[in-house]
Amino acid sequence: MVQNNSFACFISKKIEMRSMSLSLARIEKALNEISFNEKDLGFIIHVAGTNGKGTTVYFISNMLINSGYNVASFYSPHIEKINERIVYNNENISSDELEDIYKQLAKVIIKYDLTYFETLTLIAFYYFSKQKPDYTVIETGLGGRLDATNVLVNKLPVITNISYDHPHILGRKIYKIIDEKLAIVKNNNVVFVGNNEKFIRDYILEKLVYKKVFFTSYNYELINNVINTLPKVDKYSYPYPYYYDFLLALRIFNYLTNRVYDGKAIELPLCRFERFGNIIFDGTHTINGLLQLFKNFNSNSKTSVLFSLTKERNLEKFIAVLTKYSNNIVLTTIPFNNRSISIDTLNNIDTYKQKKLKFIGDPLKGLTYLNREEKQTILVTGSFYLCAYLRGQVIKK
(Lines give C-alpha, C1' and ligand atoms only; values in the text may rest on other atoms or scores of the structure.)
Protein backbone atom coordinates (compact mmCIF):
# COMPACT_ATOMS: atom_id res chain seq x y z
CA MET A 1 0.00 0.00 0.00
CA VAL A 2 1.34 3.43 -0.99
CA GLN A 3 1.64 5.79 1.98
CA ASN A 4 0.21 9.27 1.62
CA ASN A 5 3.53 10.92 2.45
CA SER A 6 5.64 8.69 0.16
CA PHE A 7 7.46 9.67 -3.00
CA ALA A 8 5.23 7.38 -5.08
CA CYS A 9 2.12 9.07 -3.75
CA PHE A 10 3.52 12.55 -4.30
CA ILE A 11 4.72 11.94 -7.85
CA SER A 12 1.47 10.18 -8.86
CA LYS A 13 -0.42 13.40 -8.12
CA LYS A 14 1.86 15.47 -10.32
CA ILE A 15 1.16 15.88 -14.04
CA GLU A 16 4.42 15.48 -15.95
CA MET A 17 3.82 18.41 -18.30
CA ARG A 18 1.86 20.65 -15.96
CA SER A 19 0.44 23.75 -17.65
CA MET A 20 2.12 26.62 -15.90
CA SER A 21 4.57 29.47 -16.31
CA LEU A 22 7.98 28.00 -17.04
CA SER A 23 10.64 29.41 -14.77
CA LEU A 24 14.00 28.58 -13.23
CA ALA A 25 13.18 30.49 -10.05
CA ARG A 26 11.59 27.58 -8.17
CA ILE A 27 14.36 25.06 -8.80
CA GLU A 28 17.08 27.66 -8.16
CA LYS A 29 15.60 28.52 -4.77
CA ALA A 30 15.19 24.85 -3.88
CA LEU A 31 18.77 23.99 -4.83
CA ASN A 32 20.06 27.00 -2.93
CA GLU A 33 18.15 25.92 0.17
CA ILE A 34 19.77 22.47 0.17
CA SER A 35 23.21 24.09 -0.38
CA PHE A 36 23.74 22.41 -3.74
CA ASN A 37 27.09 23.07 -5.40
CA GLU A 38 27.38 22.01 -9.03
CA LYS A 39 31.11 21.35 -8.55
CA ASP A 40 30.06 18.19 -6.70
CA LEU A 41 28.82 16.80 -10.03
CA GLY A 42 32.32 16.66 -11.52
CA PHE A 43 32.60 17.61 -15.19
CA ILE A 44 29.08 18.30 -16.52
CA ILE A 45 27.88 17.45 -20.04
CA HIS A 46 24.49 19.04 -20.71
CA VAL A 47 22.49 17.71 -23.68
CA ALA A 48 19.57 19.51 -25.36
CA GLY A 49 17.86 19.01 -28.71
CA THR A 50 14.72 17.56 -30.27
CA ASN A 51 15.82 14.09 -31.32
CA GLY A 52 18.56 11.86 -29.91
CA LYS A 53 19.09 13.49 -26.49
CA GLY A 54 18.58 10.37 -24.41
CA THR A 55 20.55 8.13 -26.75
CA THR A 56 23.44 10.58 -26.86
CA VAL A 57 23.50 10.81 -23.05
CA TYR A 58 23.42 7.00 -22.92
CA PHE A 59 26.30 6.59 -25.39
CA ILE A 60 28.49 9.22 -23.72
CA SER A 61 27.83 7.75 -20.27
CA ASN A 62 28.62 4.20 -21.36
CA MET A 63 31.80 5.17 -23.20
CA LEU A 64 33.08 6.91 -20.07
CA ILE A 65 32.01 4.11 -17.73
CA ASN A 66 33.59 1.46 -19.98
CA SER A 67 36.79 3.51 -19.85
CA GLY A 68 36.98 3.49 -16.06
CA TYR A 69 35.24 6.73 -15.05
CA ASN A 70 32.46 7.18 -12.49
CA VAL A 71 29.44 8.66 -14.28
CA ALA A 72 26.08 10.04 -13.17
CA SER A 73 23.33 10.19 -15.83
CA PHE A 74 19.95 11.96 -15.84
CA TYR A 75 17.34 10.86 -18.40
CA SER A 76 13.84 11.87 -19.49
CA PRO A 77 11.45 10.12 -19.93
CA HIS A 78 11.63 6.65 -18.39
CA ILE A 79 10.39 3.44 -19.99
CA GLU A 80 9.57 0.99 -17.19
CA LYS A 81 10.24 2.71 -13.86
CA ILE A 82 10.87 6.28 -12.80
CA ASN A 83 14.15 5.08 -11.22
CA GLU A 84 15.58 4.85 -14.77
CA ARG A 85 15.89 8.63 -14.87
CA ILE A 86 18.49 8.83 -12.11
CA VAL A 87 21.46 6.57 -12.84
CA TYR A 88 24.96 6.16 -11.41
CA ASN A 89 27.45 3.94 -13.24
CA ASN A 90 24.56 2.34 -15.13
CA GLU A 91 22.71 1.44 -11.91
CA ASN A 92 19.28 3.00 -11.46
CA ILE A 93 18.70 4.72 -8.15
CA SER A 94 17.00 2.20 -5.84
CA SER A 95 13.43 2.76 -4.69
CA ASP A 96 14.65 2.91 -1.10
CA GLU A 97 17.19 5.63 -1.95
CA LEU A 98 14.56 7.52 -3.94
CA GLU A 99 12.16 7.36 -1.01
CA ASP A 100 14.80 8.36 1.51
CA ILE A 101 15.96 11.39 -0.50
CA TYR A 102 12.38 12.48 -1.12
CA LYS A 103 11.68 12.46 2.62
CA GLN A 104 14.82 14.54 3.22
CA LEU A 105 13.79 17.09 0.57
CA ALA A 106 9.98 16.98 0.91
CA LYS A 107 9.68 20.26 2.83
CA VAL A 108 11.69 22.09 0.18
CA ILE A 109 9.76 20.45 -2.69
CA ILE A 110 6.43 21.43 -1.15
CA LYS A 111 7.63 24.89 -0.09
CA TYR A 112 8.51 25.86 -3.66
CA ASP A 113 5.69 23.86 -5.26
CA LEU A 114 8.10 22.06 -7.58
CA THR A 115 6.74 20.41 -10.71
CA TYR A 116 7.13 16.73 -11.59
CA PHE A 117 10.33 17.35 -13.54
CA GLU A 118 11.71 19.91 -11.10
CA THR A 119 11.25 17.43 -8.25
CA LEU A 120 13.16 14.74 -10.14
CA THR A 121 15.87 17.24 -11.04
CA LEU A 122 16.29 18.26 -7.40
CA ILE A 123 16.46 14.65 -6.23
CA ALA A 124 18.89 13.70 -9.01
CA PHE A 125 21.28 16.59 -8.33
CA TYR A 126 21.20 15.87 -4.59
CA TYR A 127 21.86 12.16 -5.17
CA PHE A 128 24.63 12.75 -7.70
CA SER A 129 26.35 15.34 -5.49
CA LYS A 130 26.69 12.71 -2.75
CA GLN A 131 28.31 10.26 -5.20
CA LYS A 132 31.00 12.74 -6.34
CA PRO A 133 31.21 11.41 -9.94
CA ASP A 134 33.96 12.19 -12.42
CA TYR A 135 31.32 13.14 -15.00
CA THR A 136 27.63 13.96 -14.90
CA VAL A 137 25.69 13.71 -18.17
CA ILE A 138 22.36 15.53 -18.12
CA GLU A 139 19.44 15.37 -20.56
CA THR A 140 17.08 18.35 -20.68
CA GLY A 141 13.41 17.58 -20.20
CA LEU A 142 11.90 20.15 -22.55
CA GLY A 143 13.49 22.97 -24.53
CA GLY A 144 16.52 24.34 -22.78
CA ARG A 145 16.25 27.98 -21.74
CA LEU A 146 13.76 27.41 -18.91
CA ASP A 147 14.32 23.70 -18.43
CA ALA A 148 15.02 22.89 -14.77
CA THR A 149 18.41 21.40 -15.69
CA ASN A 150 19.56 24.75 -17.08
CA VAL A 151 20.46 25.96 -13.61
CA LEU A 152 23.83 24.35 -14.34
CA VAL A 153 26.39 26.96 -15.35
CA ASN A 154 29.83 25.47 -16.06
CA LYS A 155 29.48 22.58 -18.48
CA LEU A 156 30.03 21.19 -21.95
CA PRO A 157 26.85 22.04 -23.88
CA VAL A 158 25.70 19.50 -26.49
CA ILE A 159 22.93 20.15 -29.03
CA THR A 160 21.55 17.13 -30.87
CA ASN A 161 19.25 17.18 -33.89
CA ILE A 162 16.73 20.05 -33.85
CA SER A 163 13.28 19.97 -35.42
CA TYR A 164 9.71 21.02 -34.61
CA ASP A 165 8.40 19.76 -31.28
CA HIS A 166 6.19 21.20 -28.53
CA PRO A 167 5.43 24.33 -30.62
CA HIS A 168 2.77 25.39 -28.08
CA ILE A 169 5.59 25.82 -25.55
CA LEU A 170 8.80 26.39 -27.51
CA GLY A 171 7.38 28.43 -30.38
CA ARG A 172 6.08 27.73 -33.88
CA LYS A 173 9.11 29.01 -35.78
CA ILE A 174 12.16 26.79 -36.06
CA TYR A 175 14.55 29.63 -35.22
CA LYS A 176 12.70 30.25 -31.95
CA ILE A 177 13.04 26.54 -31.13
CA ILE A 178 16.78 26.65 -31.94
CA ASP A 179 17.18 29.66 -29.65
CA GLU A 180 15.48 27.76 -26.82
CA LYS A 181 17.94 24.88 -27.19
CA LEU A 182 21.01 27.12 -27.57
CA ALA A 183 20.17 28.86 -24.29
CA ILE A 184 21.92 26.02 -22.42
CA VAL A 185 25.26 27.20 -23.87
CA LYS A 186 25.54 30.23 -21.56
CA ASN A 187 29.15 31.44 -21.16
CA ASN A 188 30.76 28.13 -22.07
CA ASN A 189 33.14 28.42 -25.01
CA VAL A 190 33.02 24.91 -26.52
CA VAL A 191 29.80 23.46 -27.98
CA PHE A 192 29.13 20.15 -29.71
CA VAL A 193 26.32 19.94 -32.27
CA GLY A 194 24.79 16.82 -33.78
CA ASN A 195 23.32 16.19 -37.24
CA ASN A 196 21.26 19.09 -38.51
CA GLU A 197 20.22 20.59 -41.80
CA LYS A 198 22.53 23.21 -43.29
CA PHE A 199 20.28 26.19 -42.49
CA ILE A 200 20.23 25.13 -38.83
CA ARG A 201 24.01 24.72 -38.74
CA ASP A 202 24.43 28.14 -40.37
CA TYR A 203 22.08 29.76 -37.86
CA ILE A 204 23.89 28.12 -34.94
CA LEU A 205 27.21 29.47 -36.23
CA GLU A 206 25.70 32.96 -36.45
CA LYS A 207 24.36 32.76 -32.91
CA LEU A 208 27.56 31.25 -31.51
CA VAL A 209 29.99 33.28 -33.57
CA TYR A 210 32.47 33.64 -30.70
CA LYS A 211 32.25 30.00 -29.60
CA LYS A 212 34.21 26.96 -30.72
CA VAL A 213 31.54 24.78 -32.33
CA PHE A 214 32.15 21.15 -33.28
CA PHE A 215 29.62 19.76 -35.75
CA THR A 216 28.81 16.14 -36.48
CA SER A 217 27.76 16.01 -40.10
CA TYR A 218 26.14 13.53 -42.44
CA ASN A 219 29.30 13.89 -44.51
CA TYR A 220 31.28 10.71 -43.79
CA GLU A 221 34.49 12.10 -45.28
CA LEU A 222 34.27 15.23 -43.14
CA ILE A 223 33.73 13.17 -39.97
CA ASN A 224 36.68 10.93 -40.81
CA ASN A 225 38.93 13.93 -41.34
CA VAL A 226 37.93 15.52 -38.03
CA ILE A 227 38.22 12.47 -35.78
CA ASN A 228 39.90 9.20 -36.59
CA THR A 229 37.18 6.88 -35.27
CA LEU A 230 34.93 6.25 -38.25
CA PRO A 231 36.31 2.76 -39.07
CA LYS A 232 35.56 1.71 -35.49
CA VAL A 233 31.90 2.76 -35.81
CA ASP A 234 31.07 0.16 -38.43
CA LYS A 235 31.39 -2.78 -36.03
CA TYR A 236 28.48 -1.43 -33.97
CA SER A 237 26.01 -1.32 -36.90
CA TYR A 238 23.57 1.11 -35.30
CA PRO A 239 20.35 1.86 -37.21
CA TYR A 240 19.31 5.37 -38.24
CA PRO A 241 19.29 7.84 -36.56
CA TYR A 242 21.26 6.30 -33.70
CA TYR A 243 24.35 5.91 -35.84
CA TYR A 244 24.74 9.68 -35.76
CA ASP A 245 24.10 9.92 -32.03
CA PHE A 246 26.95 7.46 -31.59
CA LEU A 247 29.23 9.57 -33.81
CA LEU A 248 28.42 12.64 -31.74
CA ALA A 249 29.19 10.75 -28.54
CA LEU A 250 32.48 9.51 -30.02
CA ARG A 251 33.60 13.04 -30.73
CA ILE A 252 32.68 14.19 -27.25
CA PHE A 253 34.50 11.23 -25.68
CA ASN A 254 37.59 12.02 -27.74
CA TYR A 255 37.45 15.67 -26.68
CA LEU A 256 37.01 14.86 -22.99
CA THR A 257 39.64 12.13 -22.70
CA ASN A 258 41.93 12.72 -25.66
CA ARG A 259 41.42 9.02 -26.40
CA VAL A 260 39.72 7.06 -29.18
CA TYR A 261 36.96 4.88 -27.80
CA ASP A 262 37.80 1.22 -28.24
CA GLY A 263 35.71 -0.25 -25.46
CA LYS A 264 33.07 -2.93 -25.59
CA ALA A 265 30.00 -2.61 -27.81
CA ILE A 266 27.16 -0.53 -26.38
CA GLU A 267 23.61 -1.79 -26.82
CA LEU A 268 20.91 0.73 -27.64
CA PRO A 269 18.70 1.84 -24.75
CA LEU A 270 15.16 0.55 -24.31
CA CYS A 271 12.59 1.38 -27.01
CA ARG A 272 15.24 2.45 -29.51
CA PHE A 273 14.89 0.07 -32.43
CA GLU A 274 14.39 -2.68 -29.86
CA ARG A 275 13.27 -5.99 -31.37
CA PHE A 276 11.15 -8.73 -29.83
CA GLY A 277 10.55 -11.37 -32.49
CA ASN A 278 8.84 -9.62 -35.39
CA ILE A 279 8.01 -6.51 -33.34
CA ILE A 280 10.25 -3.43 -33.26
CA PHE A 281 9.74 -0.78 -30.58
CA ASP A 282 11.00 2.72 -31.28
CA GLY A 283 9.87 5.91 -29.59
CA THR A 284 9.84 8.52 -32.34
CA HIS A 285 7.61 11.50 -31.68
CA THR A 286 8.79 14.00 -34.34
CA ILE A 287 8.43 14.05 -38.12
CA ASN A 288 12.17 14.19 -38.64
CA GLY A 289 12.67 11.26 -36.29
CA LEU A 290 10.05 9.23 -38.14
CA LEU A 291 11.65 9.94 -41.52
CA GLN A 292 15.03 8.81 -40.16
CA LEU A 293 13.50 5.69 -38.68
CA PHE A 294 11.99 4.57 -41.99
CA LYS A 295 15.44 4.67 -43.60
CA ASN A 296 16.01 1.33 -41.88
CA PHE A 297 13.28 -0.41 -43.87
CA ASN A 298 13.42 -1.59 -47.44
CA SER A 299 10.74 0.19 -49.48
CA ASN A 300 9.53 -3.21 -50.72
CA SER A 301 9.39 -4.78 -47.26
CA LYS A 302 6.12 -5.64 -45.60
CA THR A 303 6.10 -3.37 -42.54
CA SER A 304 2.97 -2.71 -40.51
CA VAL A 305 2.76 0.20 -38.07
CA LEU A 306 1.05 0.65 -34.72
CA PHE A 307 1.14 4.33 -33.85
CA SER A 308 -0.02 6.88 -31.31
CA LEU A 309 0.87 10.36 -30.15
CA THR A 310 0.01 12.88 -27.50
CA LYS A 311 -2.73 15.27 -28.58
CA GLU A 312 -0.63 18.46 -28.76
CA ARG A 313 1.23 17.19 -31.85
CA ASN A 314 0.10 17.56 -35.47
CA LEU A 315 -1.21 14.06 -36.21
CA GLU A 316 -2.07 14.79 -39.83
CA LYS A 317 1.59 15.43 -40.70
CA PHE A 318 2.60 12.15 -39.10
CA ILE A 319 -0.09 10.29 -41.03
CA ALA A 320 1.25 11.74 -44.29
CA VAL A 321 4.64 10.18 -43.52
CA LEU A 322 3.23 6.88 -42.27
CA THR A 323 1.05 6.33 -45.33
CA LYS A 324 4.03 6.98 -47.58
CA TYR A 325 5.97 4.07 -46.05
CA SER A 326 3.29 1.60 -44.99
CA ASN A 327 -0.08 0.37 -46.28
CA ASN A 328 -1.06 -1.31 -43.03
CA ILE A 329 -1.38 1.23 -40.22
CA VAL A 330 -3.28 1.09 -36.96
CA LEU A 331 -3.79 4.25 -34.93
CA THR A 332 -4.35 3.66 -31.24
CA THR A 333 -4.41 5.45 -27.89
CA ILE A 334 -1.88 5.58 -25.05
CA PRO A 335 -3.28 3.86 -21.95
CA PHE A 336 -3.32 5.75 -18.66
CA ASN A 337 -2.24 8.98 -20.34
CA ASN A 338 -4.53 12.00 -20.29
CA ARG A 339 -2.58 13.60 -23.14
CA SER A 340 -3.24 10.74 -25.58
CA ILE A 341 -4.98 11.30 -28.89
CA SER A 342 -8.63 10.26 -28.84
CA ILE A 343 -9.89 7.57 -31.19
CA ASP A 344 -13.45 8.90 -30.84
CA THR A 345 -12.26 12.24 -32.16
CA LEU A 346 -10.30 10.67 -35.00
CA ASN A 347 -13.24 8.57 -36.15
CA ASN A 348 -15.16 11.77 -36.83
CA ILE A 349 -12.48 13.21 -39.12
CA ASP A 350 -13.04 12.27 -42.74
CA THR A 351 -9.49 13.22 -43.74
CA TYR A 352 -8.13 10.30 -41.76
CA LYS A 353 -10.81 7.88 -42.93
CA GLN A 354 -9.82 8.55 -46.54
CA LYS A 355 -6.30 7.37 -45.74
CA LYS A 356 -7.73 3.89 -45.08
CA LEU A 357 -6.31 3.74 -41.60
CA LYS A 358 -7.56 1.38 -38.94
CA PHE A 359 -8.56 2.83 -35.57
CA ILE A 360 -8.28 0.46 -32.60
CA GLY A 361 -8.39 2.16 -29.23
CA ASP A 362 -6.80 -0.68 -27.26
CA PRO A 363 -3.12 -0.95 -28.32
CA LEU A 364 -2.94 -4.63 -27.35
CA LYS A 365 -5.88 -5.38 -29.64
CA GLY A 366 -4.20 -3.29 -32.31
CA LEU A 367 -1.03 -5.34 -31.98
CA THR A 368 -3.02 -8.58 -32.19
CA TYR A 369 -4.81 -7.30 -35.31
CA LEU A 370 -1.53 -6.50 -37.08
CA ASN A 371 0.03 -9.78 -35.95
CA ARG A 372 -2.65 -11.88 -37.66
CA GLU A 373 -0.48 -12.12 -40.77
CA GLU A 374 2.70 -14.16 -40.66
CA LYS A 375 6.18 -13.08 -41.77
CA GLN A 376 5.71 -9.38 -41.35
CA THR A 377 7.51 -6.75 -39.31
CA ILE A 378 5.41 -4.68 -36.92
CA LEU A 379 6.79 -1.28 -35.98
CA VAL A 380 5.43 0.19 -32.74
CA THR A 381 6.32 3.86 -32.87
CA GLY A 382 5.27 7.40 -32.03
CA SER A 383 5.04 8.21 -28.35
CA PHE A 384 7.56 6.68 -25.95
CA TYR A 385 4.61 6.15 -23.62
CA LEU A 386 2.98 3.81 -26.15
CA CYS A 387 6.23 1.91 -26.72
CA ALA A 388 6.85 1.60 -23.00
CA TYR A 389 3.35 0.27 -22.32
CA LEU A 390 3.33 -2.30 -25.12
CA ARG A 391 6.90 -3.36 -24.46
CA GLY A 392 5.88 -4.22 -20.91
CA GLN A 393 2.87 -6.20 -22.14
CA VAL A 394 4.93 -8.16 -24.67
CA ILE A 395 7.57 -9.02 -22.07
CA LYS A 396 4.87 -10.31 -19.69
CA LYS A 397 3.79 -12.81 -22.31
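Along each chain, numbering runs from 1 in the same order as the chain's sequence is written. In keeping with the predicted nature of the model, local features appear solely for residues at pLDDT of at least 70, side-chain atom pairs appear and are counted solely at 80 or more, and the whole-chain, interface and lining totals rest on all residues. Each side-chain value is worked out from all heavy atoms of the structure, with water and hydrogens disregarded.

Engineer: I'm lost on the pattern of salt bridges in this one. Help?
Structural biologist: Where charged atoms from two side chains of opposite charge come close, those side chains can pair. Salt bridge criterion: a side-chain nitrogen from Lys or Arg within 4 Å of a carboxyl oxygen from Asp or Glu. Within the structure shown, the criterion is met by nine salt bridges. Of the charged contacts, one joins E180 and R145 as a salt bridge, the two residues approaching to 2.9 Å between their closest N and O atoms. Of this pair, E180 sits in helix α7 (residues 174-182) while R145 is found in the loop between β5 (135-139) and β6 (156-159), placing the two residues 35 residues apart along the sequence. R391 is the partner of E274 in a salt bridge, and the nearest nitrogen-oxygen pair spans 2.8 Å. Residue E274 is found in strand β9 (residues 274-276), and its partner R391 is found in helix α17 (residues 384-396); the two are separated by 117 residues along the sequence. Each member of the pair, E274 as well as R391, is classed as buried. Through salt bridges with shared partners, a single network forms among E80, E274 and R391. Numbered from the N terminus, helices here are DSSP runs of H or I no shorter than four residues, and strands are runs of E no shorter than two. Exposure categories follow from relative accessible area, calculated using a 1.4 Å probe and restricted to protein chains: below 20% of the type maximum is buried, above 50% is exposed, and the middle band is partly exposed.

Engineer: Teacher, can you tell me more about the sheet that holds strand β1 (residues 43-48) here?
Structural biologist: Across a sheet, paired strands are connected by hydrogen bonds in the backbone, their directions being either parallel or antiparallel. We call two strands paired when DSSP finds no fewer than two bridges between them. Across the sheet, eight strands lie side by side as β4-β3-β2-β5-β1-β6-β7-β8; this open sheet has mixed pairing. Only two strands of the sheet have a single neighbouring strand rather than two, namely β4 (91-92) and β8 (212-215). Bridge count for strand β3 (residues 86-88) against β4 is two bridges, and the pairing is antiparallel. If you follow Y88 over to β4, its bridge partner there is E91. In the packing of helix α11 (residues 242-257) onto the sheet, contacts are made with β1, β5, β6, β7 (190-193) and β8, and the angle to β7 comes to roughly 155°. The contact rule is simple, with two residues in contact once any of their heavy atoms fall within 4.5 Å. Only the stretch in contact is used when a helix axis is fitted, and all axes are lines through C-alpha atoms; the angle between N-to-C directions ranges over 0 to 180 degrees.

Engineer: Whenever I open this one, the side chain of R391 confuses me. Can you help?
Structural biologist: Among the residues examined, R391 registers a relative accessible area of 6% and is labelled buried. Beyond its immediate chain neighbours, meaning those up to four positions away, R391 contacts I79, E80, L270, C271, E274, F276 and F281.

Engineer: Explain the packing of aromatic side chains to me, please; I cannot follow it from the model alone.
Structural biologist: For any pair of aromatic rings, the description consists of the separation of the ring centres together with the inter-plane angle of the planes. Each pair of aromatic rings taken from Phe, Tyr and Trp, with Trp reduced to its six-membered ring, is defined by centres within 6.5 Å and is described as stacked if the planes are under 30 degrees apart, edge-to-face if over 60, and tilted in the remaining cases. Considering all chains together, one arrives at 26 aromatic pairs under this definition. For the pair F273 and F297, a centre-to-centre distance of 5.9 Å together with 45° between the ring planes defines the contact as tilted. Here the residue F273 occupies a position in the loop between α11 and β9, and F297 occupies one in the loop between α12 (287-293) and β11 (303-308), the gap between them amounting to 24 residues. Classification of F297 as buried rests on a relative accessible area of 16%. In this structure, K295 is placed above the aromatic ring of Y240, and the distance from its NZ or CZ to the ring centre is 5.4 Å. Above the ring of Y369, the side-chain terminus of R372 is found at 3.9 Å from the ring centroid. Any Lys NZ or Arg CZ that is within 6 Å of a ring centre and within 35 degrees of that ring's normal is treated as a charge sitting over the ring.

Engineer: Please explain the nonpolar core as it appears in this structure.
Structural biologist: If you look at soluble globular proteins, the nonpolar side chains tend to sit buried side by side. Buried residues of nine kinds, namely Ala, Val, Leu, Ile, Met, Phe, Trp, Tyr and Cys, make up a nonpolar core once their side-chain atoms join them within 4.5 Å. Within the largest apolar cluster, 54 residues are counted, with the highest numbers of intra-cluster contacts made by I45 and M63. The biggest single contributor to this core is α11, with eleven residues. Filtering out sequence-adjacent residues up to four positions away, I45 remains in contact with I60, L64, Y135, T136, V137, I138, L156, V158 and L256. Ranked by size, the runner-up nonpolar core spans 40 residues in total, among them L24, I93, A106 and L122.

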